[in-house]
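# Report on the structure
These are the residues of each chain, in order.
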Amino acid sequence: MKLKLKIWRQKNAKTKGSFVSYDLDNVSPDMSFLEMLDALNKRLVEAGKEPVAFDHDCREGICGSCGMFINGYPHGPVPGLTTCHLAMRYFNDGDSITIEPWRAKAFPVIKDLIVDRSAFDRIQVAGGFISVTAGAAAEANSVLVNKHQSDMAFDSAICIGCGACVAACKNASAMLFVSAKVSQYALLPQGRIEAKTRVRAMIAEMDRQGFGSCSNTGACEAQCPKQIKLTNIARLNREYYKAF
Amino acid sequence: MITLNAKIPEGPLEEKWTKYKSTTKLVNPANKKKLDIIIIGTGLSGAGSAAALGELGYNVKVFCYQDSPRRAHSVAAQGGINAAKNYKHDGDSVYRLFYDMIKGGDFRAREANVYRIAEVSNQVIDHYSALGVPFAREYGGTLDTRSFGGVQVSRTFYAKGQTGQQCLLGAYSSLNRQIKAGTVTMYPRRDMLDIVVIDGRARGIIVRNLLTGEIERHSAHAVVLASGGYGTIYYLSTLAVNSNASAAWKAFKKGAAFANPSFVQIHPTSIPQLNEFQSKLTLMSESLRNDGRIWVPKNKGDKRPANDIPEEERDYYLERRYPTFGNLVPRDVASRAAKERCDAGYGVGDTGLAVNLDFRDAIKKQGKKAIENKYGNLFEMYQHITGLDPYEEPMRIYPAGHYTMGGLWVDYELMTTLPGLFSIGESNFSDHGANRLGASSLMQAAGDGYFILPNTISNYLSGEIRTPKVPTTGAEFDEAEKKAKERIEKLLSIRGKNTSTTFHRRLGKIMWDYCGMTRNEEGLKKALKLVDELKKEFWSDLMVPGEGADLNQELEKAGRVADFMELAKLMITDALNRKESCGAHFREEYQTPDGEAMRNDSEYSYVAAWEYNGDDEPILNKEPLKFEFVELKERSYK
């Protein structure tokens, strides 16, 4: 395949960025989107030019490192996939592809397609845990957990922290991300004990980090590569009301 | 020569750890606050130990190369985590888990260490469960388990195909709790460039801030490497593409012995390579072998679609060769059997480098829904990557580099031969011998981090309570920083024509061809020569654009590949030295007539701990393996 790429290039947080166009030949439909960028970068580096910087690591859709805005969609146009899993067979010969970093006040651009998502970590530090010290836990089966609840907790817990929900949201809200963690613990008996302090601390930190408010549009759910449900946000709101 | 003192406590196997814990030296709470510990890596072992040490009151600094500790590669483990709970009432016990690991590792691991990890496995499950890790459950609310390759009991706890992610996020949550408490400081986006040794003890590290390119100095009373394995030496592997050996390699060059570097696990079930730009091989969990049947056509070069090949023309070669364990033989055995069939011309797919993993019978028997419940996310992942539907036709799989049993040599206290430097999780060599059984890596990493290191490190730190905060201004820090900067300058100044990835790919091919699933003397000697040539070419024809004082991903890669070039030689040297076949190390010269591994206990029942010797050949130190509690046996899965 032959592609026309329009990629956001930005030297660092202090300089202004702009789109730069590249033509790329010989793209195999079996390549992943990141491998396609690898091919472009190989060409750039061999010519002594700086490659396009982007975060990536596991390349199997689970670490949450990668993430870019592709033709107006976080992680590209196919639902349920991270950028590293997006195969080039979903594109056509001759396509123009526009590639940008996540855009959100709380995620400042570091370089090219890399943004600073440490705000997510700070929200988790504020309360995303159950306070158990190593060695203190009771025998695992002494705490029974309803299978249905446990499975629902799992469905919330699979969030990979990539930030696509924030990038998709017109308000750059982090509600889906926060609600996934709050839900996981709210659904489990182990997590109920600290439920009130947790939800208050996490919401307060979320607001401090400069994320926008939720207006229940649902773009986050539509774009989440792990298909985390909007019902988590409803649960988060309920937990929050109950916490006062 | 270094002395290898494993410091194994006296007494019966089942009492060693209890006795050790009761008699080891402690540090009182007031002194803990004054002691600094550096940890490299935030996977299950790194994040777990950081949390546990922080909870104890030590002052902990943690480093990782990712933008967040939640992305460490433990996140990608799929199938599960073992524990000897015996919840299925199928005869499991701490002893049986220990024995399975010793046998699975082909009698090349230390008895006392293996027994201890089996012992703490139950505590790990209790802890993760309390942390809210959503493991699979039965309808009555108890925890569910499943069986995994190489064993006959059901002891693997799991969270669908995302057990590693769920355990890692559990570890990350406990790490976060300590960050909030102020006992742990997190330093993401840092690459460790060197270990600083003062008066023969590990006292600090040099790191590069990957955002700014700044070289930083950090000091401590002890340094812990939790930096993972080196399977990415093959370039294509199941690991995260940025996983690297650099921290362990720098430790080796500062005096920590490297044990059994050639023991590398090639995982049998990964999606085969599809394109020449491929950057990684995606694993399909071993748990799939519980229900999937592996086969190739009975006729050479049969190119019909799998579903058109009738039953009597299919060769279920694992079931044929190993009737007792069938499709559940250990990974090394399954990988070699796949390679054997493909090399003989029976492979499937365009390249002939793949075998079928077929769910037809399981779907017929259990229904599509049941299979979807167990493996839904894996099937989906397979379909996205290959464009093929595994509910309708068999998956195609092939072995891929996966896990390194080899690593830094550690004693019973998990300390390397460099005093004050500890190594935990995959970065050490200790528990898996020559082959790791499935679902044991999460167990070992979590066990090391939460429950073993916090007990053993106090014995060392109790001798450090009079050492004041280590200054970062001494000559040793100056020297280490200077060397790190010089190497960066050198990498940037070559200005050749090829990318570090190109060199990495070529190095990976050499290692895969000659030091992979099977090895022989001629090939290994050839590989030594090829690696030497490639290394020269690397240092004269590498291109790293940009500058050092900036975010520069090409520079990061170049440094890692430079270290892999050196490690490759040590792996080959180790493989050449070990003139036997054991576990994942299969020397073609040493096999039975029907192609099984032939161990040589009288000459090679030892851990090969290699010592750095400057530009000269590394020095081989041997730790003899004594088997006091199990009988050495031929490892048979027939």
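Just so it is clear, the structure is predicted and the values come from calculations on it, not from any experiment.

## Focus on the overall build of chain B
Check the secondary structure of chain B and you find 17 helices and 19 strands. Relative to the compact-globule value of 26 Å for 638 residues, chain B shows a C-alpha radius of gyration of 24 Å, a close match. C-alpha atoms of chain B, sized along the principal axes, occupy 75 × 60 × 50 Å. Every one of the 638 residues in chain B was classed for burial, and the buried ones make up 60%.

## Focus on the overall build of chain A
Looking only at helices and strands, one finds nine helices and seven strands in chain A. By principal-axis analysis of the C-alpha atoms, chain A measures approximately 60 × 35 × 35 Å. For chain A, with 244 residues in total, the buried portion stands at 55%. For chain A, the share of sequence-separated contacts (at least 6 apart) that also reach a separation of at least 24 residues comes to 71%.

## Section: the interface of chain B and chain A
At the junction of the two partners, chain B supplies 65 residues and chain A supplies 65 residues. Breaking the side of chain B that touches chain A down by element, the ones donating at least two residues are α3 (44-56), α5 (111-130), α6 (163-181), α11 (368-386), α12 (441-461) and α16 (553-577) of chain B. If one sorts the elements of the side of chain B that touches chain A by residue count, α6 of chain B sits on top with nine residues. Counted by class, the side of chain B that touches chain A contains 26 nonpolar, 26 polar and 13 charged residues.

## Thoughts on unusual backbone geometry
Phi angles above zero are rare outside glycine, and R59 of chain A is one such case at about 55°. Here K7 of chain B, not a glycine, exhibits a phi torsion of approximately 55°, which is positive. Mapped onto the secondary structure, K7 of chain B falls in the segment before α1 (16-23).

## Considering the sheet that holds strand β5 (residues 96-100) of chain A
All names here are of chain A. The sheet built from five strands is open, its strands ordered β2-β1-β5-β3-β4 with mixed pairing. Looking at strand neighbours, the two that pair on one side only are β2 (18-24) and β4 (73-74), the edges of this open sheet. By the bridge criterion, seven bridges tie strand β1 (residues 3-9) to β2 in an arrangement that is antiparallel. Directly across from K6, in β2, lies its bridge partner S21.

## Thoughts on helix α4 (residues 94-104) of chain B
Residue and element names in this part refer to chain B. Burial runs high along α4: eight of the eleven residues are buried. Residues of α4 that are buried include every one of V94, L97, F98, D100, M101, I102, K103 and G104, and no others. Here the buried face of α4 lies against β3 (81-82) and α5. Trailing α4 by a residue or two, D106 shows a phi angle of about 55°, which is positive.

## Structural notes on the packing of α5 of chain B against α12 of chain B
Residues and elements named next belong to chain B. Here α5 crosses α12 at 85°, and the two axes come no closer than 9 Å. Considering their axes alone, α5 and α12 lie roughly perpendicular with respect to each other. Only M443, Q444, A446, G447, Y450, F451 and I452 of α12 make contact with α5, whose side of the interface consists of R116, I117, V120, S121, Q123, V124 and H127. Grouping the amino acids of the contact of α5 with α12 by side-chain chemistry returns eight nonpolar, five polar and one charged.

## Remarks on the pairing of strand β14 (residues 355-358) of chain B
Residue and element names in this part refer to chain B. Neither face of β14 is exposed, since V355 and L357 on one face and N356 and D358 on the opposite face are all buried. When strand β12 (residues 293-297) meets β14, the two strands line up antiparallel, connected through three bridges. Counterpart to I294 in the pairing with β14 is L357. By the bridge criterion, three bridges tie β14 to strand β15 (residues 395-404) in an arrangement that is antiparallel. Its bridge partner being in β15, L357 is matched across the sheet by M395.

## Focus: helix α7 (residues 246-253) of chain B
All names here are of chain B. Among the eight residues that make up α7, seven are buried, leaving the element largely enclosed by the rest of the structure. Among the residues making up α7, those that are buried are S246, A247, A248, W249, K250, A251 and F252. G255 sits one or two positions beyond α7 and adopts a positive phi of about 115°.

## Here we look at the domain arrangement of chain A
Residues and elements named next belong to chain A. By domain assignment, chain A separates into domain 1 (3-111) and domain 2 (117-242). If you average the C-alpha positions of domain 1 and of domain 2, the two centres end up 28 Å apart. At the interface, 18 residues of domain 1 touch 17 residues of domain 2.

## Quick look at the sheet that holds strand β13 (residues 314-315) of chain B
Reading across from one edge, β11-β15-β14-β12-β13 (chain B) is the order of the five strands in this open sheet, with antiparallel pairing throughout. Only two strands of the sheet have a single partner each, and these edge strands are β11 (264-270) and β13 of chain B.

## Overview of the domain arrangement of chain B
Residues and elements named next belong to chain B. Assigned domains within chain B: domain 1 (268-401) and domain 2 (475-601). Computed from C-alpha atoms alone, the centre-to-centre distance between domain 1 and domain 2 is 30 Å. Contact residues are listed per partner, giving six residues for domain 1 and six residues for domain 2. Per-element accounting of the side of domain 1 that touches domain 2 gives the leading share, five residues, to helix α9 (residues 331-343). For the side of domain 1 that touches domain 2, a count of residues per class yields one nonpolar, one polar and four charged.

## What to know about the environment of E556 of chain B
Along the chain, E556 of chain B falls in helix α16. Not counting residues up to four positions away in its chain, the partners in contact with E556 of chain B are D191 and L210 of chain B.

## Structural notes on the packing of α3 of chain B against α6 of chain B
Residue and element names in this part refer to chain B. For the pair α3 and α6, interaxial distance at closest approach is 8 Å and the crossing angle is 35°. Note on packing geometry: the crossing formed by α3 with α6 is left-handed. The residues of α6 that touch α3, namely those facing L44, A47, G48, A50, A51, G54 and E55, are C167, L168, A171, Y172, S174, L175, R177, Q178 and A181. Class assignment of the residues belonging to the contact of α3 with α6 gives a composition of ten nonpolar, four polar and two charged.

## Let's talk about the nonpolar core
One broad rule of soluble globular proteins: the nonpolar side chains tend to lie buried together. With 291 residues, the main nonpolar core has V166 of chain A together with V224 of chain B as its most contacted residues. Residue contributions to this core peak at twelve residues, all from α16 of chain B. Filtering out sequence-adjacent residues up to four positions away, V224 of chain B remains in contact with I37, I38, I39, I40, S49, F422, I424 and L453 of chain B.

## What about the environment of R177 of chain B?
With respect to the helices and strands, the residue R177 of chain B is situated in helix α6. Residues R177 of chain B and A51 of chain B lie 126 residues apart in sequence; the distance between their C-alpha atoms is 7.8 Å.

## Observations regarding the environment of K368 of chain B
Locating K368 of chain B in the fold gives a position in helix α11. Contact partners of K368 of chain B, with chain neighbours within four places excluded, come to I363 and Y391 of chain B.

Here is what the cut-offs are and how they apply
Residues numbered from 1 in each chain as written. Chains lettered and ligands numbered in written order. Predicted model: local features only at pLDDT ≥ 70, side-chain atom pairs only at ≥ 80, totals over all residues. Helix = DSSP H or I, 4+ residues; strand = E, 2+ residues; numbered from the N terminus. Rg over C-alpha atoms; globule rule 2.2 N^0.38 Å. Buried ≥ 20, exposed ≤ 12 C-beta atoms within 10 Å, placed from the backbone. Contact = placed C-beta atoms within 7 Å. Nonpolar A, V, L, I, M, F, W, Y, C, P; charged D, E, K, R; others polar. Pairing = 2+ DSSP bridges. Axes fitted to C-alpha atoms, helices over the stretch in contact; angles between N-to-C directions. Parallel < 35°, antiparallel > 145°, perpendicular 65-115°, else oblique. Domains from an automatic or database assignment. Left-handed = near helix turned anticlockwise from the far one by under 90°. Core = buried A, V, L, I, M, F, W, Y, C linked by C-beta atoms within 7 Å.

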